[in-house]
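For reference, the chains in residue letters:
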There are 2 protein chains.
Amino acid sequence: MPSDRPVAALSAADFMAATDRLLTPAELEAALRRVGAERYHMHHPFHRLMNAGGLTRGQMQAWALNRYCYQAAIPRKDAIILSRSDDPAFRREWRKRIVDHDGPADGEHGGEKDGGIKRWLKLAEGVGLDVDRVVSQRYALPATRFAVGAYLDLVASSSMLVAVASSLTELFSPIAIGERVPAMLARYDYITEETLSYFTPRLHQAPRDAEHALALVTAWADTPDKQRDAIGALITKCDILWAMLDALHFAYVEPGLVPPGAFRPAGTD
Amino acid sequence: MPSDRPVAALSAADFMAATDRLLTPAELEAALRRVGAERYHMHHPFHRLMNAGGLTRGQMQAWALNRYCYQAAIPRKDAIILSRSDDPAFRREWRKRIVDHDGPADGEHGGEKDGGIKRWLKLAEGVGLDVDRVVSQRYALPATRFAVGAYLDLVASSSMLVAVASSLTELFSPIAIGERVPAMLARYDYITEETLSYFTPRLHQAPRDAEHALALVTAWADTPDKQRDAIGALITKCDILWAMLDALHFAYVEPGLVPPGAFRPAGTD
């Protein structure tokens, strides 16, 4: 490619294949945002169906039950990242993510009263699931577990740059939430604002986290190779979220083949 | 359950939930075989479609390309298991699996001329794929990579009993091969015996390996907990193989939604 072609005009894959010069921080950010525009799971048919009001209650339950496995793994993922850093300032900032999901300990103040995992269980209960079955993770699709495992493995075994860059899907989540919450409230009569309370604090937590991570990634990625690593990490993370929806769509929408042992909505066989 | 109910009459899931007594080796073997009867991927709709002659060439290519990722990981999986054993006799026996897949080194004699990975590439080439693209693994479905990663993680992080028991899908593979090879030769005119040469040595390698692993598993699993672990390991392995076909079916059969960046058969968009 001509090296002066604007980065944001390239597909993420073209970019990965073609660039060999050091991007400016603004160009790197543009390339990362391009990954989201192409590959973030808000563009997946399952999410489009959800936002259009097209999910049955059983399909909504399957989504909540499987997504719980991802939610439950996030603080473990963040603890792996904490465990790999030598820098107390980094760890203090990154630790907020764990507090956000696990909630405050007795006597801790300053954040939300309930953590994200508890809020997600409220959502699961609100769509009619038994909380204990959700928490057990026994009825999730194996593909969900494999995708979540791939995320834990990525942050454990790659560079810290890759581990941090893989969190940058948070750049895009407020857009998805902004679409999803009003759509769900309008189109599913059993869904209330309380059911969706998970998403409210995410609207300020995610941008705070994404800003921190983006500043680190643009500072640390100071060679073309590292910039490619950062972009590749975000692509892999998008693949993980996308694969989770592929598995849901396959099992519960079309063709609707639930793998042995996985959740079956009431009234189906 | 009444503890004298025959194990083979239970579904694998019922068995896992219900048994609390030590099974005889014959009962444990029956329970393991029951897992295969219920969950081995030869029962998956994608394999049934393949055997019925219903795959397009592009779908056959997608299968060969994705399955390559699994084949390529097998010697790494077996090397992890080697690395965890203190017993030279065990390692000598288990090492045969690596030789089977990687082929003999210069000056080594006694096995097949070509290893399984090279034979799989012959299959991939025979169905019209570019070998370099297959070897790169770049165009595989992310879900394939996550399932393969889950297998490597299972043998690395679980007990040796679980690592060895997860290989027991080899108990069932000769049945699948016995169905698949004649069906593929009869129903796809571009598939020849040479294309399918991967499967010929597997018909004696797999039973040899399965017999060794089954003897170890029945000897090592000397408490009800360990027997449950062994059965659970085989269920997880079946889940891994099943999830790979779910992803293929979703992307290339129905609904046919290829994830971003993955292989697209020629003539599709």
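Residues numbered from 1 in each chain as written. Chains lettered and ligands numbered in written order. Predicted model: local features only at pLDDT ≥ 70, side-chain atom pairs only at ≥ 80, totals over all residues. Heavy atoms only, no water.

Naming follows an unreviewed UniProt entry, where chain A appears as Pyrroloquinoline-quinone synthase of Polymorphum gilvum. Note on chain A: under the UniProt heading Function (unreviewed entry), the record states "Ring cyclization and eight-electron oxidation of 3a-(2-amino-2-carboxyethyl)-4,5-dioxo-4,5,6,7,8,9-hexahydroquinoline-7,9-dicarboxylic-acid to PQQ." (UniProt positions renumbered as here; feature names shortened; annotations may be inferred.)

Chemist: How should the layout of surface pockets be read in this particular structure?
Modeler: Over the atoms rolls a probe the size of a water molecule, and its path tells where empty space is left. Residue and element names in this part refer to chain A. Of the pockets and cavities examined, the second largest pocket occupies roughly 260 Å³. Together, 14 residues line the second largest pocket, and Lys96, Val99, Asp100, Gly110 and Gly111 are the ones closest to its centre. Elements that contribute at least two residues to the lining of the second largest pocket include exactly helix 5 (88–102) and helix 11 (199–220). With five residues, the top contributor of residues to the lining of the second largest pocket is helix 5. Considered class by class, the residues forming the lining of the second largest pocket number two nonpolar, five polar and seven charged. (1 Å grid on protein atoms, 1.4 Å probe; cavity = no way out; pocket = protein on both sides within 12 Å on 5 of 7 lines; lining within 4 Å. Points joined across faces, edges and corners; volume = space filled by probe spheres on them. Helix = DSSP H or I, 4+ residues; strand = E, 2+ residues; numbered from the N terminus. Nonpolar A, V, L, I, M, F, W, Y, C, P; charged D, E, K, R; others polar.)

Chemist: For this particular structure, what's the right way to read the UniProt feature "domain: Thiaminase-2/PQQC" (unreviewed entry) in chain A?
Modeler: The UniProt feature table records "domain: Thiaminase-2/PQQC" (unreviewed entry) at residues 31–246 of chain A. The distance from the first to the last C-alpha atom of residues 31–246 of chain A is 25 Å, and the span holds 73% helix and 0% strand.

Chemist: Please clarify how the side chain of Lys77 of chain B should be interpreted in this entry.
Modeler: Of note, Lys77 of chain B is situated in helix 4 (residues 57–83). Sequence-distant contacts of Lys77 of chain B, that is, excluding residues within four places in its chain, are made with Trp94, Arg97, Tyr151, Leu152, Val155 and Ser167 of chain B. (Contact = heavy atoms within 4.5 Å.)

Chemist: Looking at this model, I keep getting lost on the interface of chain B and chain A. Mind explaining?
Modeler: Note on interface size: it is often stated as the accessible area lost on association of the parts. Each partner contributes residues to the interface: chain B has 22 residues there, and chain A has 22 residues. Carbon and sulfur atoms supply 73% of the area that chain B and chain A bury against each other, a total of about 1900 Å² over both sides. It is Phe146, Phe250 and Pro260 of chain B that lose the most area in chain B upon contact with chain A, and together they represent 32% of the buried surface on that side. Here Asp239 of chain A makes a salt bridge to Arg145 of chain B, at a shortest N to O gap of 3.8 Å. If you look at where chain B meets chain A, you find two residue pairs in polar contact (both at pLDDT 80 or more). (Buried area = accessible area lost by both parts, 1.4 Å probe. Salt bridge = Lys/Arg side-chain N within 4 Å of Asp/Glu carboxyl O. Polar contact = N/O pair within 3.5 Å; in protein donor to acceptor, adjacent residues only side chain to side chain.)

Chemist: Help me understand the nonpolar core, please; the structure alone is not making it clear to me.
Modeler: Proteins that are soluble and globular tend to have nonpolar side chains buried together. Ranked by size, the top nonpolar core spans 175 residues in total, and within it Met60 and Trp63 of chain A together with Met60 and Trp63 of chain B carry the most contacts. Residues contacting Trp63 of chain B, with those up to four places away along its chain left out, are Phe46, His47, Met50, Trp120, Leu123, Arg180, Met184, Phe199, Leu245 and Leu248 of chain B. (Core = buried A, V, L, I, M, F, W, Y, C linked by side-chain atoms within 4.5 Å. Buried < 20%, exposed > 50% of the residue type's maximum accessible area, 1.4 Å probe, protein only.)

Chemist: Teacher, can you tell me more about the environment of Tyr68 of chain A here?
Modeler: Residues and elements named next belong to chain A. Residue position: Tyr68 is located in helix 4 (residues 57–83). Placed 160 residues apart in sequence, Tyr68 and Arg228 show a C-alpha to C-alpha distance of 31 Å. For Tyr68, the residues in contact, after removing those within four places along its chain, are Ile117, Trp120, Leu121, Val134, Val135 and Gln137.

Chemist: Would you mind going over the pattern of salt bridges with me for this structure?
Modeler: Close approach of charged atoms allows side chains with opposite charge to pair. Inspection of every chain in the model, using the stated rule, returns 32 salt bridges over all chains. With its nearest N and O atoms 2.9 Å apart, the salt bridge here joins Asp222 of chain A to Lys226 of chain A. The class of Asp222 of chain A is partly exposed, set by a relative accessible area of 45%. With its nearest N and O atoms 3.2 Å apart, the salt bridge here joins Arg34 of chain B to Glu38 of chain B. Highlighted residues: Arg34 of chain B and Glu38 of chain B, both in helix 2 (residues 25–39), separated by four residues, approximately one helical turn. Judged by its relative accessible area of 27%, Glu38 of chain B falls in the partly exposed class. By sharing partners, the salt bridges in this structure join Lys113, Asp114, Lys118 and Lys122 of chain A into a single network.

Chemist: Hey, could you run me through unusual backbone geometry in this one?
Modeler: Glycine aside, the phi torsion of most residues is negative, and most peptide linkages are trans. Residues and elements named next belong to chain A. In the segment running from Glu254 into Pro255, the intervening peptide bond is cis, with an omega of 0°. Non-glycine residue Gln137 carries a positive phi angle of around 60°. In this structure, Gln137 sits in the loop between helix 7 (131–136) and helix 8 (142–157).

Chemist: So what exactly am I meant to see when it comes to the relation of the copies chain B and chain A here?
Modeler: Look at the two chain copies: a rotation about an axis and a shift along it is all it takes to match them. Between chain B and chain A, which share one sequence, the superposing operator has a rotation angle of 180° and an axial displacement of 0.0 Å; the RMSD is 0.0 Å. The transformation relating the two chain copies, once decomposed into turn and shift, fits a two-fold axis. A shared interface surface links the copies, since 100% of the contact residues of chain B are contact residues in chain A too. (Least-squares fit on C-alpha atoms with pLDDT ≥ 70 in both.)

Chemist: Explanation requested: helix 4 of chain B in the structure shown.
Modeler: If you check helix 4 of chain B, its first and last C-alpha atoms are 40 Å apart, about what 27 residues at 1.5 Å a residue would give, namely 39 Å. Of all the 27 residues making up helix 4 of chain B, 22 are buried; the element is thus mostly covered by neighbouring parts of the structure. (Expected span 1.5 Å × (residues − 1).)

Chemist: Help me out: how do you make sense of the packing of helix 2 of chain B against helix 11 (residues 199–220) of chain B in this one?
Modeler: When two helices pack together, their arrangement is given by the angle between the helix axes and by the axis-to-axis distance. All names here are of chain B. Where helix 2 meets helix 11, the axes come as close as 10 Å, and the angle between the chain directions of the two elements is 125°. In terms of orientation, helix 2 and helix 11 fall into the oblique class. The chirality of how helix 2 crosses helix 11 is right-handed. Counted together, Pro25, Leu28, Glu29, Leu32 and Arg33 of helix 2 and Leu214, Val217 and Thr218 of helix 11 form the full contact between these two elements. (Axes fitted to C-alpha atoms, helices over the stretch in contact; angles between N-to-C directions. Parallel < 35°, antiparallel > 145°, perpendicular 65-115°, else oblique. Left-handed = near helix turned anticlockwise from the far one by under 90°.)

Chemist: Would you mind showing me how to read the confidence of the model for chain A here?
Modeler: Caution is warranted with low-pLDDT regions, since their predicted coordinates should not be read in detail. Residues and elements named next belong to chain A. Counting all residues, the mean pLDDT for chain A is 92, and 92% of those residues have values of 70 or more. When pLDDT is averaged over each helix and strand of chain A, the minimum, 63, is found for helix 1 (residues 12–18) and the maximum, 98, for helix 9 (residues 160–165). A low-confidence stretch, residues 1–5 (pLDDT under 50), is modelled with six contacts involving residues beyond four sequence positions or located in other chains. (pLDDT = per-residue confidence, 0-100.)

Chemist: How should the packing of helix 10 (residues 173–187) of chain B against helix 11 of chain B be read in this particular structure?
Modeler: Residue and element names in this part refer to chain B. Interaxial distance between helix 10 and helix 11 falls to 9 Å at its minimum, and their mutual angle equals 160°. Judged on the interaxial angle alone, helix 11 and helix 10 are roughly antiparallel. The hand of the helix 10/helix 11 crossing is left-handed. Where helix 10 approaches helix 11, its residues Ser173, Pro174, Ile177, Arg180 and Val181 are matched on the opposing element by Phe199, Arg202, Leu203, Ala206 and Pro207.

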